[in-house]
Structure formats: structure tokens, C-alpha cells
Amino acid sequence: MAETARETNALEIERRYDAPPERVWQAWTDPRALSRWFGPGGENSVTQAELDVRPGGHYTIAFRTPDGQDNRVSGTYEEVIPQRKLSFSWAWQSTPDRVSFVTVEVVPEGDATLMKFRHERFYDRTALDNHTRGWTATFVKLDAVIMSA
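Keep in mind that this is a model prediction, so the values were computed, not measured.

Peer 1: Before we move on, can you summarise unusual backbone geometry with the specific residues and values?
Peer 2: Its identity as a non-glycine residue notwithstanding, Gln83 has a phi of 65°, on the positive side. Here Gln83 lies in the loop between strand E5 (70–81) and strand E6 (85–92). Among the residues examined, Gln83 registers a relative accessible area of 26% and is labelled partly exposed. Not every positive phi belongs to a glycine, and Arg121 is a case in point at roughly 65°. Structurally, the position occupied by Arg121 is in the loop between strand E8 (112–120) and helix H3 (125–148).

Pasting the structure below:
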């Protein structure tokens, strides 16, 4: 695992899984699978997961954090290459004018899969730092879900 917050105002995280690419792809594109890991809260913290995974399709995800705060994020899929790449806009309901951008690449590596995650175009350094904490906690859950399937 490598995590880097670059001066380019982006967060990059890589994860390598002893799992097929289809399992990693499903975790990002199937509402039931995504609900198992999304957000830094515990189990059943996702209260809504609507995903229209196609270019121009929209998504909305709502979840509750451990401190009881409700959050809702939504955006539009820009690029969808099945089993390989997702790119989408990212905007919180609380700050809809602050749109950032996420790219997830799924790279087969023999019997394993490399997931390359990049979240960029943050409003400011505070937003980058907050997302770094959130994604780091969230990916601990993703790791467990992918490896337990």
C-alpha cells in the first residue's frame, strides 16, 4: 500500500489484492457490494447507494460516520471501461460547488489485482487532508471486503 498527498493537490492510493479484477470492479460498481465498505463508519453505515455506472450516469451515496454525522456525495461518471477504469466527479451535498474528481484503475497482475486510486482537484489543502483521512479509513474496510469474498 502506498499513499501520497502530492503538491499537485491530489491523493493517490494503490492497493494490491490477491483477488480477480472482477471482484475489485464489483466493489465499486454494484450498490450492494459498495454498501459493505464505503465510508469510514462501521457496518451498515451506508444508507443509500444509487449507481448508474455508464458514461453520463449519475451516482449518489449516503452514509453515517461513527460520530453520527450523515453525509451524501454524488457525481457523474465520465469514463467507464468495464473491469478496467472508472472516472467520476465528486461533490458533497454540503458543498456542491466544490467538485473534485476520482479515477479508479483496476490492473490485472497475474492472479492478483492492482487498484490505482486518484482523487484530485480539491478545493484546498484542508479538503485534501480530510479526504486523505476518510479514504484511508474507508479502504481498510474495502480491503476486508475484497479479501473475504
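Peer 1: Quick one: what's the story with the packing of aromatic side chains, residue by residue and with numbers?
Peer 2: Scanning the entire structure with this criterion turns up 19 aromatic pairs. Ring centres 6.2 Å apart and planes at 45° place the aromatic pair Phe38 and Trp90 in the tilted group. Pair noted here: Phe38 is in the loop between helix H2 (31–37) and strand E3 (46–51) and Trp90 is in strand E6, with a separation of 52 residues, a long-range link. Each member of the pair, Phe38 as well as Trp90, carries the same accessibility label: buried. Following the ring pairs from residue to residue traces out a cluster consisting of Trp28, Trp37, Phe38, Tyr59, Phe63, Tyr77, Phe88, Trp90, Trp92, Phe117, Trp135 and Phe139. A cation over an aromatic ring shows up here: Arg98 above the ring of Tyr123, its NZ or CZ 3.7 Å from the ring centre. Geometry around Phe101 places Arg121 over its ring, the cationic atom sitting 4.5 Å from the centre.

Peer 1: A description of the side chain of His131 should follow, citing residues and the corresponding values.
Peer 2: Here His131 lies in helix H3. A distance of 3.2 Å separates a polar atom in the side chain of His131 from a polar atom in the side chain of Trp90. A polar contact of 2.8 Å, which involves the side chain of His131, links it to the backbone oxygen of Ala127. If near-sequence neighbours (up to four positions away) are discounted, His131 is found in contact with Leu11, Trp90, Trp92, His119 and Phe122.

Peer 1: How would you sum up the pattern of salt bridges? Please name residues and give values.
Peer 2: One pass over the structure, following the stated rule, counts 8 salt bridges. Of the charged contacts in the structure, one is a salt bridge between Glu12 and Arg118, with a shortest N-O distance of 2.2 Å. Here Glu12 is found in strand E2 (residues 10–17), whereas its partner Arg118 is found in strand E8, with 106 residues between them in sequence. Judged by relative accessible area, which is 21%, Glu12 ranks as partly exposed. On the basis of relative accessibility, which here comes to 23%, the residue Arg118 falls in the partly exposed class. Where Asp129 meets Arg125, a salt bridge forms, and the shortest distance between an N and an O atom there is 3.0 Å. A residue pair is termed a helical-turn pair when its members lie 3 or 4 positions apart in one helix, as Asp129 and Arg125 do in helix H3 at 4 residues. A relative accessible area of 47% places Arg125 in the partly exposed class. Each of Glu12, Arg118 and Glu120 takes part in salt bridges that share partners, so that together they form one network.

Reading guide: rules and limits
Residues numbered from 1 in each chain as written. Predicted model: local features only at pLDDT ≥ 70, side-chain atom pairs only at ≥ 80, totals over all residues. Heavy atoms only, no water. Helix = DSSP H or I, 4+ residues; strand = E, 2+ residues; numbered from the N terminus. Buried < 20%, exposed > 50% of the residue type's maximum accessible area, 1.4 Å probe, protein only. Phe/Tyr/Trp six-rings, centres within 6.5 Å; stacked < 30°, edge-to-face > 60°. Lys NZ or Arg CZ within 6 Å of the ring centre and 35° of its normal. Polar contact = N/O pair within 3.5 Å; in protein donor to acceptor, adjacent residues only side chain to side chain. Contact = heavy atoms within 4.5 Å. Salt bridge = Lys/Arg side-chain N within 4 Å of Asp/Glu carboxyl O.

Note that every value here comes from positions in space, so none of it alone points to a role or purpose.
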